[in-house]
Amino acid sequence: MLKYTLKRILLLVPVVIGITFLVYLVLSVSPGDPARMMLPEDATEAIVAAKREELGLNDPIVVQYLRYMGNAIQGNFGTSWYQGFDVLSEFSHRLPYTLTLATIATLVAVLIGIPAGVYSAVRHNHMPDYIITFFSLLLSAAPTFWLGMMYQLLFSLRLGWLPASGASNWKCFVLPVVSLAGGMLAGNSRMTRTWLLDIIRSDYVRTARAKGNKETVVIFKHALRNALLPVITQIGVGFSNIVGGSLVAENVYAFPGIGSFLSSAVKSKDIPIVVGCIVVVSIIVGITNLIVDLLYAVVDPRVQLGK
Amino acid sequence: MNAETNAASLRKEGKKRKKGQIHMIVLRFRKNKLAMIGLFVLVILMVTCLSAPLWLNYRLVTRQKIVDAYQAPSSAHLFGTDQFGRDLFARIIYGGQISLFAGLITVFIAFLLGVALGGAAGYFGGTVDNVIMRFCDILMSVPGVLLSMCIVAALGQGLVKMLIALSVAQIPRQARTVRAAVMTLRGQEFVEAARSCGSSNTRILLRHMLPNVLGPIIIGVMQGLGGTILSIASLGFLGIGIAPPTPEWGTIISENQNSLMYYPYLGIIPGLFIVVAVLSLNFIGDGLRDALDPKQKN
């Protein structure tokens, strides 16, 4: 188990190096001279050339990349080209917000989505099933940012129950969490429902019923454990999607996470911020996937990790 | 009976059987009510948006008339007007051309590249498989939206650039589906038979294997389409998709974000168009899945 975990963490390294190199390559060969964009419009050629030299833009791309990664390993992600702040310290302020948001949203999606799916399957082809299925379909078809705006409109601007923006207290987290959790919650509930319905019809469940077990025991002890396996494998992907959604939805709520300043960095082509963001997010997603795989082995004793 | 007529009758038989299978798929699809509703709604949406130049003046989309700003929905302006007095109905209909068809093109590009990469990985195995799959792992290590955002940051704004950005983010998923499907066929007799006849690798892949794996691929493509439309809207909302004033559903919502408090219809209506389009696509995708592969779930 420990050996497997270490091996997986080591395997993260080439992935992070690969994705950052890819992004660095694409960003650097793209048109537009950052040095010129950073300086005032009336800057002379000499000043621009000096700035280019200062930023190391004249070196070959591989040298630039190696220098960047060398610094990154030592905890230096560079300085924002246009806003002048240190990328790492800015991240350390903002990342906890995004991570908290994504983690809570994932937990909500799992803790509500799975029971909803179970209830839907148990009451198959009855009113609760139809209602849950209807909302699942609706939630999976609506853009996260639009749902966020609609919640904001209803609960903050019209009813005044919850704050519309910021992150000053726990109330500010409610709307972002609800809008982010929607898509994954719908996915979890639909998947649990389909698998549980399939498993309920299998022989061993019939045996469990024939033994005279109570229906709750049959569902929760016998059927659900098997039905949950495919749902658990999707948690990693779901978390990754929620982080992605958070990068968009944070803009709706003026939430102080990494999403709200990433989109402005993308527009201004602020490479240190964009690459730093990719490094951080790919590591987080990698670790989450590892945790999910470890969890999988706990739920399913047949899975033997590292073999 | 001479050989020629024999061959002809065999060919006829083959044709009949082929038609039979497609017929079965169509029958199964038509039995699915939700999928048929989805198809109906989507076709109406697409025809309305595509035929817009015939019955709706494009000038309405960009014409600004401050006197007409913030008009509530009425017979003159079906969905009302925005802060610049532009007709929301015209903007949504013309925006649909981009939102719907950019999604189709994106998924098609990802499909072509996914078949090429996934097919090669599954067919050749070994080092080729390893290299291609590690490349896919790398692309999948960040959320698709983030990857698209970075590519847009690099290439700049514009329709074609956005299509590239979104396709790249879709490739790994398509490649994985194709690879898995091709791998199940690799050892089968008809592939060996084709090889012993001297067929080239390309011919075996395209002529013999591809038709057999088309089912799962089509399912994957259809299910990716809804997500792609949502991604286009997200990029548009962030202001890094299509450059204004060209309308696109996500961009329209983001333009009207500040007017929502007093004019909520400006945000609700375009959002509903996205929901209806994606919902229809998801229904069609589920229907196709059930029709093509009755055993597969979710």
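Residues numbered from 1 in each chain as written. Chains lettered and ligands numbered in written order. Predicted model: local features only at pLDDT ≥ 70, side-chain atom pairs only at ≥ 80, totals over all residues. Heavy atoms only, no water.

Looking at the overall build of chain A
Line of reasoning, step 1. Summing up its helical and strand segments, chain A has 13 helices and zero strands in all.
Line of reasoning, step 2. The linear arrangement of helices and strands in chain A, starting from the amino end, is α-α-α-α-α-α-α-α-α-α-α-α-α.
Line of reasoning, step 3. In terms of principal-axis extent, the alpha carbons of chain A reach across some 85 × 55 × 30 Å.
Line of reasoning, step 4. A buried classification covers 49% of the 307 residues belonging to chain A.
Line of reasoning, step 5. Taking the intrachain contacts of chain A between residues at least 6 apart in sequence as the baseline, contacts between residues at least 24 apart amount to 71%.
Line of reasoning, step 6. Element-wise, carbon and sulfur atoms account for 66% of the exposed surface of chain A, whose accessible area totals about 14900 Å².
Line of reasoning, step 7. Put simply, chain A has 24 plus and 17 minus side-chain charges, and the middle of one group is 18 Å from the middle of the other. (Helix = DSSP H or I, 4+ residues; strand = E, 2+ residues; numbered from the N terminus. Buried < 20%, exposed > 50% of the residue type's maximum accessible area, 1.4 Å probe, protein only. Contact = heavy atoms within 4.5 Å. Areas by Shrake-Rupley, 256 points an atom, 1.4 Å probe, with all protein chains shown as cover. Lys, Arg positive; Asp, Glu negative; His and termini not counted. Charge placed at Lys NZ, Arg CZ, Asp CG, Glu CD.)

Structural notes on the overall build of chain B
Line of reasoning, step 1. Along its length, chain B carries 12 helices and zero strands.
Line of reasoning, step 2. Order of helices (α) and strands (β) in chain B, N terminus to C terminus: α-α-α-α-α-α-α-α-α-α-α-α.
Line of reasoning, step 3. Each principal axis of the C-alpha atoms in chain B carries an extent, and together these give about 80 × 45 × 30 Å.
Line of reasoning, step 4. Out of the 298 residues belonging to chain B, those deemed buried represent 49%.
Line of reasoning, step 5. A sequence separation of at least 24 residues applies to 71% of the contacts in chain B between residues at least 6 apart.
Line of reasoning, step 6. By element, 64% of the accessible surface of chain B is carried by carbon and sulfur atoms, the whole surface being about 14500 Å².
Line of reasoning, step 7. Averaged over its 28 positive side-chain charges, chain B has a centre that lies 6 Å from the centre of its 14 negative ones.

Let's talk about the side chain of Arg 289 of chain B
Line of reasoning, step 1. Within the fold, Arg 289 of chain B resides in helix H12 (residues 265-292).
Line of reasoning, step 2. At 3.4 Å, the side chain of Arg 289 of chain B and the side chain of Asp 290 of chain B are in polar contact. (Polar contact = N/O pair within 3.5 Å; in protein donor to acceptor, adjacent residues only side chain to side chain.)

As for the interface of chain B and chain A
Line of reasoning, step 1. With 41 residues of chain B at the interface, the matching set in chain A holds 44 residues.
Line of reasoning, step 2. Counting each side, the surface lost to burial between chain B and chain A is near 3800 Å², with a carbon and sulfur contribution of 78%.
Line of reasoning, step 3. With a closest N to O distance of 2.7 Å, Asp 286 of chain B and Arg 190 of chain A form a salt bridge.
Line of reasoning, step 4. Where chain B touches chain A, the interface holds two residue pairs in polar contact (both at pLDDT 80 or more).
Line of reasoning, step 5. Counting only elements with at least two residues in the side of chain B that touches chain A, the list comes to helix H6 (126-140), helix H7 (144-155), helix H10 (201-238), helix H11 (249-255) and H12 of chain B.
Line of reasoning, step 6. Here the element with the most residues in the side of chain B that touches chain A is H12 of chain B; it accounts for 11 residues.
Line of reasoning, step 7. Considering only residue class, the side of chain B that touches chain A consists of 29 nonpolar, nine polar and three charged. (Buried area = accessible area lost by both parts, 1.4 Å probe. Salt bridge = Lys/Arg side-chain N within 4 Å of Asp/Glu carboxyl O. Nonpolar A, V, L, I, M, F, W, Y, C, P; charged D, E, K, R; others polar.)

Regarding the packing of aromatic side chains
All names here are of chain A.
Line of reasoning, step 1. Within the structure shown, the criterion is met by 13 aromatic pairs over all chains.
Line of reasoning, step 2. Ring centres 5.2 Å apart and planes at 90 degrees place the aromatic pair Phe 173 and Phe 255 in the edge-to-face group. Taken as a pair, Phe 173 in helix H8 (residues 171-200) and Phe 255 in the loop between helix H11 (235-253) and helix H12 (258-268) lie far apart in primary sequence, 82 residues in all. Comparing Phe 173 with Phe 255 shows no difference in burial state: the two are buried.
Line of reasoning, step 3. Taken together, the ring pairs connect Tyr 97, Phe 173 and Phe 255 into an aromatic cluster.
Line of reasoning, step 4. Taking the ring centre of Phe 261 as reference, the NZ or CZ of Arg 94 above it sits at 4.6 Å. (Phe/Tyr/Trp six-rings, centres within 6.5 Å; stacked < 30°, edge-to-face > 60°. Lys NZ or Arg CZ within 6 Å of the ring centre and 35° of its normal.)

A short note on empty space enclosed by the protein
Residue and element names in this part refer to chain A.
Line of reasoning, step 1. Applying the stated criterion to the full structure yields one cavity of 30 Å³ or more.
Line of reasoning, step 2. When its volume is computed, the largest cavity comes out at roughly 50 Å³.
Line of reasoning, step 3. Looking at the largest cavity, the residues that line it are Thr 98, Leu 99, Val 243, Ile 258, Val 281, Ile 284 and Val 285.
Line of reasoning, step 4. Breaking the lining of the largest cavity down by element, the ones donating at least two residues are helix H5 (87-122) and helix H13 (271-299).
Line of reasoning, step 5. Looking at which element gives the most residues to the lining of the largest cavity, the answer is H13, with three residues.
Line of reasoning, step 6. Here the lining of the largest cavity is built from residues that sort into six nonpolar, one polar and no charged. (1 Å grid on protein atoms, 1.4 Å probe; cavity = no way out; pocket = protein on both sides within 12 Å on 5 of 7 lines; lining within 4 Å. Points joined across faces, edges and corners; volume = space filled by probe spheres on them.)

A short note on the confidence of the model for chain A
Line of reasoning, step 1. Overall, the predicted model of chain A reaches an average pLDDT of 83, with 96% of residues at or above 70.
Line of reasoning, step 2. Confidence scores differ between elements of chain A, with helix H2 (residues 34-38) of chain A showing the lowest mean pLDDT of 70 and H5 of chain A the highest of 90. (pLDDT = per-residue confidence, 0-100.)

Re the pattern of salt bridges
As a working rule, side chains carrying opposite charge can pair if their charged atoms are close by.
Line of reasoning, step 1. Per the counting criterion, the structure on display carries 13 salt bridges over all chains.
Line of reasoning, step 2. Close ionic contact of Arg 206 of chain A with Asp 203 of chain A constitutes a salt bridge, the shortest N to O distance being 3.2 Å. Separated by three residues within a single helix, Arg 206 of chain A and Asp 203 of chain A lie in helix H9 (residues 203-210), roughly one turn from each other.
Line of reasoning, step 3. Salt bridges sharing common partners tie together Arg 190 of chain A together with Asp 286, Arg 289 and Asp 290 of chain B.

Regarding the packing of helix H5 (residues 88-124) of chain B against H6 of chain B
Residue and element names in this part refer to chain B.
Line of reasoning, step 1. It is the contact of H5 with H6, at a shortest axis distance of 7 Å, that shows an interaxial angle of 145 degrees. For the element pair H5 and H6, the recorded crossing hand is left-handed. Across the interface between the two elements, Leu 117, Ala 120, Ala 121 and Phe 124 from H5 touch Gly 126, Val 128, Asp 129, Ile 132 and Met 133 from H6.
Line of reasoning, step 2. Tallied by class, the residues present in the contact of H5 with H6 amount to seven nonpolar, one polar and one charged. (Axes fitted to C-alpha atoms, helices over the stretch in contact; angles between N-to-C directions. Left-handed = near helix turned anticlockwise from the far one by under 90°.)

Some thoughts on the nonpolar core
Line of reasoning, step 1. Core analysis: the biggest nonpolar cluster contains 173 residues, and Phe 145 and Leu 196 of chain A together with Leu 100 of chain B have the highest contact counts within it.
Line of reasoning, step 2. Ranked by residues supplied to this core, first place goes to H10 of chain B with 15 residues.
Line of reasoning, step 3. Ranked by size, the runner-up nonpolar core spans six residues in total, among them Ala 121, Ile 132, Met 133 and Cys 136 of chain B. (Core = buried A, V, L, I, M, F, W, Y, C linked by side-chain atoms within 4.5 Å.)

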